[in-house]
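# Per-entry structural report
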Amino acid sequence: MEKVTASSDKEVYNLVQMEERRQLSQISLVASENYSSPAIRSFEGSIFADKNAEGYPGKRCVSGCEFADKLENLAIDRAKSAFGCEHANVQAMSATIANFAIMNELFQPLDGLMAMRLQDGGHLSHGAPFHASGQNFRWCYYGVSKADEQLDYDEVRSIALENRPAAIICGGSSYPRLIDYEKMHQIAREVDALLWVDLAHTAGLVAGRVIPSPLPHADIVTTSTHKTLRGPRGGGLILCKNSLAKQIDRAIFPGLQGAPKMDLIAARASLLAEVQTVQFREYAKDVLKNAKALERGLIYEGVTLVSGGTSSHLLLINLLSCGTNGSQIEKALLQAQVVTNKNPIPFDTLPPSKAGGLRIGSAAMTTRGFNEEQFFEVGGMIGKVVMSEGNHDRVEELRSFVEQNTQGLPLFNRKWVA
Ligand SMILES: *Cc1c(COP(=O)(O)O)cnc(C)c1O
């Protein structure tokens, strides 16, 4: 492939250069961001990008797909062995699209669906009124208890018994604790609902075998590939039992999408081999350890964390309790070259544009090679910024830490690949 140079398109080229400099000089604690390996990156945009392979292996709408077929079958086989499941679909453009495609194909407009409340950590593709998924279906929601800000399974059960949903969806984008899939499975069985796990955030921790897997409890698992899984951004994966395979495949094509992006399937295939290596397991272990180090640093400075801490890569800081808000602290941290995002918290009293919380995570900086000590230090310095409501001197201290610790630091640490 030809390399992109300034002469190809100066304006775009310059923006790519500036983005690279930004990524290198800032630290990303965005819980949903990561950096994929150079190998995976090189397959994105490879020659497969121009191939129309509409359909599935062996059943394409155009010819010339012999290598596309081999590639997609390879990705499917690797997905099955990485997660230990019966069937995999690797064509979805994103987890959001995978979710919507499944709802569209498997359920009727009047069917009941149950999911975690958005404010309590759920995801907008699980029936938020402003998302397409919220336009149909009779949605009911469960959430966390006021006492410990964790899922209350007795309440989940009683809401399920009352509403008798066709499916129970679990998994969210700002829930810092693990979900007891076995309990969710029991509840789903009791009301004769499918159990559908949206694993977008923690798929890498499951593939790395450092937290329990939702398989075999779940009937359907959907995930994005770019969060803890450390793969290409723009990629959904669906895992399911053989009994649902036909319906799931139909949901994506021809149900919602046209031709798949074969270069992204190449990147996904490569990713699904990477996650089965010893190095990836070490990575997943470190992601957990580093999140705990962040937690210690924050708690040491007196910061309140939603649910008291984390059991994954993700932490949610409660800012209401110290009189500030997510918007203010997100801006203060950006001054220090730390990228995060404001996020609502359970029982939030602020509008989402301000938000009572800040979400952070350890996946991306672990990829760059930050160790426990650095995460502890960052946690402490963020704690000081939070407790001082963005005091200029505290921000400056953090900014100089970031400058010193990112100098010459690549985005992807070579130790994570074989
Ligand atoms: C991030 C996220 C998604 C969306 O993933 P995309 O691949 O970006 O569409 C879906 N569900 C949950 C729970 C998420 O956290």
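Since the structure is predicted, the reported quantities are computational estimates derived from the model, not experimental observations.

Definitions and limits used
Residues numbered from 1 in each chain as written. Predicted model: local features only at pLDDT ≥ 70, side-chain atom pairs only at ≥ 80, totals over all residues. Heavy atoms only, no water. Buried < 20%, exposed > 50% of the residue type's maximum accessible area, 1.4 Å probe, protein only. Helix = DSSP H or I, 4+ residues; strand = E, 2+ residues; numbered from the N terminus. Pairing = 2+ DSSP bridges. Axes fitted to C-alpha atoms, helices over the stretch in contact; angles between N-to-C directions. Parallel < 35°, antiparallel > 145°, perpendicular 65-115°, else oblique. Left-handed = near helix turned anticlockwise from the far one by under 90°. Contact = heavy atoms within 4.5 Å. Nonpolar A, V, L, I, M, F, W, Y, C, P; charged D, E, K, R; others polar. Domains from an automatic or database assignment. Buried area = accessible area lost by both parts, 1.4 Å probe. Salt bridge = Lys/Arg side-chain N within 4 Å of Asp/Glu carboxyl O. Polar contact = N/O pair within 3.5 Å; in protein donor to acceptor, adjacent residues only side chain to side chain. Expected span 1.5 Å × (residues − 1). Arc of directions from axis to C-beta. Lys, Arg positive; Asp, Glu negative; His and termini not counted. Patch = residues over 30% accessible without salt bridge, like charges linked within 9 Å, V, L, I, M, F, W, Y side chains within 5 Å. Areas by Shrake-Rupley, 256 points an atom, 1.4 Å probe, with all protein chains shown as cover. Core = buried A, V, L, I, M, F, W, Y, C linked by side-chain atoms within 4.5 Å.

## Points about the pairing of strand β9 (residues 220-224)
The buried fraction of β9 is high, at 5 of 5 residues. Judged by which residues are buried, β9 turns out to be covered on both faces: I220, T222 and S224 on one side and V221 and T223 on the other are all buried. Note that β9 and strand β10 (residues 236-240) share 5 bridges and pair antiparallel. Note that in β10 the partner of V221 across the bridge is L239.

## Concerning the packing of helix α5 (residues 153-163) against helix α6 (residues 181-190)
Across the interface, α5 lies against α6 with an axial gap of 10 Å and an inter-helix angle of 20°. Judged on the interaxial angle alone, α6 and α5 are roughly parallel. α6 is crossed by α5, and the crossing has right-handed handedness. Across the interface between the two elements, Y153, V156, R157, A160 and L161 of α5 pack against K183, M184, I187 and E190 of α6. Each residue belonging to the contact of α5 with α6 can be placed in one class, and the counts come to 6 nonpolar, no polar and 3 charged.

## Points about unusual backbone geometry
The peptide bond linking L215 to P216 adopts the cis configuration, its omega dihedral lying at 15°. Position of P216 among the secondary structure elements: in the loop between α7 (203-207) and β9. The peptide bond linking F253 to P254 adopts the cis configuration, its omega dihedral lying at 5°. Along the chain, P254 turns up in the loop between α8 (245-252) and α9 (262-274). The backbone of F137 shows a phi angle near 70°, a positive value even though the residue is not glycine.

## Things to note about the sheet that holds strand β14 (residues 341-343)
Judged by pairing direction, the sheet is antiparallel, and its 4 strands sit side by side in the order β11-β12-β15-β14 without closing on themselves. Of all the strands in the sheet, the pair left with one neighbour each is β11 (304-305) and β14. The pairing of strand β12 (residues 314-318) with strand β15 (residues 357-361) spans 5 bridges and is antiparallel. By the bridge assignment for β15, L316 is matched with R359. Running at roughly 45° to β15, helix α11 (residues 326-335) makes contact with β14 and β15 of the sheet.

## Topic: the domain arrangement of the protein chain
Buried accessible area, meaning the area lost when the parts come together, often serves as the stated size of an interface. Per the domain assignment, the segments making up the protein chain are domain 1 (42-274) and domain 2 (278-416). Here domain 1 and domain 2 have C-alpha centroids that lie 27 Å from each other. Opposite the 27 residues of domain 1 that make contact, domain 2 presents 29 residues. With both sides pooled, the region where domain 1 packs onto domain 2 buries about 2400 Å², and carbon together with sulfur makes up 59% of that total. Summed over the three residues of domain 1 that lose the most area to domain 2, namely Q119, P176 and R230, the buried surface amounts to 28% of that side. Applying the counting rule to domain 1 against domain 2 returns 0 salt bridges. Put simply, domain 1 and domain 2 have 12 residue pairs in polar contact (both at pLDDT 80 or more) between them. When residues of the side of domain 1 that touches domain 2 are assigned to their parent elements, the largest contribution, 3 residues, is made by α7. Residues that form the side of domain 1 that touches domain 2 fall into these classes: 9 nonpolar, 10 polar and 8 charged.

## Examining helix α3 (residues 66-83)
Between its first and last C-alpha, α3 extends 26 Å over 18 residues, near the 26 Å set by a 1.5 Å rise per residue. Taken together, the buried positions of α3 are occupied by A68, D69, L71, E72, A75, I76, A79, A82 and F83. Down the axis of α3, the buried set is contained in an arc of 165°. They therefore lie on one face. Among the exposed residues of α3, those oriented more than 90 degrees off its buried face are F67 and K70. Positive backbone phi, at 65°, marks G84, one or two positions downstream of α3.

## Re the side chain of R177
Its place among the elements puts R177 in the loop between β7 (167-170) and α6. The buried charged residue R177 lacks any salt bridge partner; its closest oppositely charged side chain belongs to E295, at an N-O distance of 5.2 Å. Separated by 2.9 Å, the side chain of R177 and the backbone oxygen of S307 make a polar contact. Within the local environment of R177, its side chain forms a polar contact with the side chain of S311, the two groups lying 2.9 Å apart.

## Let's talk about a nonpolar patch on the surface
Taken together, the side chains of L118, L124 and F130 present a nonpolar region at the surface, about 290 Å² in accessible area. Note that L124 resides in the loop between β5 (112-116) and β6 (138-142).

## Details of the side chain of D348
Residue placement: D348 occurs in the loop between β14 and β15. For the buried D348, no salt bridge exists, and the shortest N-O distance to an oppositely charged side chain is 11 Å, to K354. A polar contact is formed between the side chain of D348 and the backbone nitrogen of I345, at a distance of 3.0 Å. Among the polar contacts listed, one links the side chain of D348 to the backbone nitrogen of G356, at a separation of 2.8 Å. Beyond its immediate stretch of four places on either side in the chain, D348 contacts Q119, L320, N343, A355, G356 and G357.

## Some points on the nonpolar core
If you look at the biggest cluster of nonpolar residues, it comprises 63 residues, and the most contacted ones within it are F83, Y142, I168, M184 and L239. Residues from two domains meet in this core; each of domain 1 (42-274) and domain 2 (278-416) gives at least three. With residues up to four places along the chain from it excluded, the contact list for F83 reads L199, A203, V206, A207, L215, L229, L237, L239 and L272. The next biggest cluster of nonpolar side chains, apart from the first, holds 31 residues, and it includes I317, I329, L333 and M381.

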